[in-house]
Amino acid sequence: MSSATESFSVRHQAIYEVVKTIPAGVVATYGQVAAIVGCGPRLVGYALASLPAGMDVPWQRVINSQGKISIRSDGAADPRQRQALIREGIVFSLKGTVDLKRFGWDGPDWDWLYERGLEPPPRRDSAASGRFP
DNA sequence: CTTATGACGCGCA
DNA sequence: TTGCGCGCCATAA
């Protein structure tokens, strides 16, 4: 891998990796990412806040559970985030919210989780007693 | 070593 | 419906 992520702790890197898997055209919530990496939702925000510019992490695709762009310490959301999302096809309501029903991320592929050993398999089949195949 | 400071989410009154 | 409190981790100084 490489990039600038090597300087960050494992937890931060895990968060960044998850965010990287969010495809353009959809948005994920902090809680969603947190659930995958197994940490509090707050940490996701902290991790992204510490995210240096130039990193290949689509941080813009992470918004809060209200479907709104989180407000930073500046007191306002970075307009660039909204602009970037619109550019990716995200549609904002008149209230400035995103319909998570439509643009909400479904989460990473099962294979991705399996490979990373994250989150228990959603298990929708019947067989497979214990865990992984 | 300690302290302060962040992009959140949920439960309960 | 709104408001308040708590939990949690890493980094910088």
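Throughout what follows, the structure given in this document is the object of discussion.

About the cut-offs
Residues numbered from 1 in each chain as written. Chains lettered and ligands numbered in written order. Predicted model: local features only at pLDDT ≥ 70, side-chain atom pairs only at ≥ 80, totals over all residues. Heavy atoms only, no water. Near = heavy atom within 4 Å. Polar contact = N/O pair within 3.5 Å; in protein donor to acceptor, adjacent residues only side chain to side chain. Helix = DSSP H or I, 4+ residues; strand = E, 2+ residues; numbered from the N terminus. Nonpolar A, V, L, I, M, F, W, Y, C, P; charged D, E, K, R; others polar. Buried < 20%, exposed > 50% of the residue type's maximum accessible area, 1.4 Å probe, protein only. Arc of directions from axis to C-beta. Contact = heavy atoms within 4.5 Å.

1. Quick word on the protein's contact with DNA strand B
Point 1. Around DNA strand B, the structure places 16 residues, and the nearest of them are Tyr46, Leu48, Asn64, Ser65 and Ser73.
Point 2. Looking at DNA strand B alone, sugar and phosphate atoms form 52% of those within 4 Å of the protein.
Point 3. One of the backbone nitrogen or oxygen atoms of Leu48 is found 2.6 Å away from a base nitrogen of DNA strand B.
Point 4. Only helix 2 (30-37) and helix 3 (41-49) provide two or more residues apiece to the surface near DNA strand B.
Point 5. The leading source of residues in the surface near DNA strand B is helix 3, at six residues.
Point 6. Per-class residue counts for the surface near DNA strand B are seven nonpolar, seven polar and two charged.

2. Remarks on helix 1 (residues 10-20)
Point 1. All buried positions along helix 1 are accounted for by His12, Ile15, Tyr16, Val18 and Val19. Along the long axis of helix 1, the arc covered by the buried residues comes to 160 degrees, so they all point the same way.
Point 2. On its buried face, helix 1 is in contact with helix 2, helix 3, strand 2 (62-63) and helix 6 (110-116).

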